[in-house]
Amino acid sequence: MIETSRAAVVEHLNALEFRLREIGRWSETRPSAEALASTLPFCYDTLEIEAWLQFIFLGRMRELIEQGDPLPESCAIAPYIDMLHASGRVVDAELVRLVQAIDQHITEMTP
């Protein structure tokens, strides 16, 4: 069961990367060390959500999976995206759906 769940998370992460590429929000240029070092949630003061997903979230999740480390007990990225929407920031609807699926899947994996 655990391996099946981890495989599903990998599929979700791959779909997220594909969508970022598909909508032109994947970057070949890494943000500055200062931007990545933000201590605020989602690096909201230094990165757009798409950059955070690419350079922080995807990288960290893939690292955990590759090393066989435990995944987080819960995931709640979608509420932040909802806050962005409320402030007028438009985020791709399919990207939002994928993030919601990841949040739900990771959170449901916790026994």
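To be clear, the structure that these remarks concern was listed above.
Once that is clear, we can look at the side chain of Asp103. Within the secondary structure, Asp103 sits in helix α5 (residues 93-109). Despite its burial, Asp103 pairs with no opposite charge, the nearest such side chain being Arg97 at 12 Å. The residues touching Asp103, leaving out its near neighbours within four places in the chain, are Cys75, Ala76, Ile77, Ala78 and Pro79.

Applying the stated rule across the entire model yields 10 salt bridges. Across the pair Arg89 and Glu50 runs a salt bridge, and its minimum N-O distance is 2.5 Å. Of this pair, Arg89 sits in the loop between α4 (78-86) and α5 while Glu50 sits in helix α3 (residues 49-67), placing them 39 residues apart in sequence. Classification of Arg89 by relative accessible area gives partly exposed; the value is 21%. Relative accessible area serves as the criterion here: at 3%, Glu50 is assigned to the buried category. Between Glu63 and Arg60 there is a salt bridge; the shortest N-O distance is 2.8 Å. Pair noted here: Glu63 and Arg60 are both in helix α3, with a separation of three residues, about one helical turn.

Parameters and conventions
Residues numbered from 1 in each chain as written. Predicted model: local features only at pLDDT ≥ 70, side-chain atom pairs only at ≥ 80, totals over all residues. Heavy atoms only, no water. Helix = DSSP H or I, 4+ residues; strand = E, 2+ residues; numbered from the N terminus. Buried < 20%, exposed > 50% of the residue type's maximum accessible area, 1.4 Å probe, protein only. Lys, Arg positive; Asp, Glu negative; His and termini not counted. Salt bridge = Lys/Arg side-chain N within 4 Å of Asp/Glu carboxyl O. Contact = heavy atoms within 4.5 Å.

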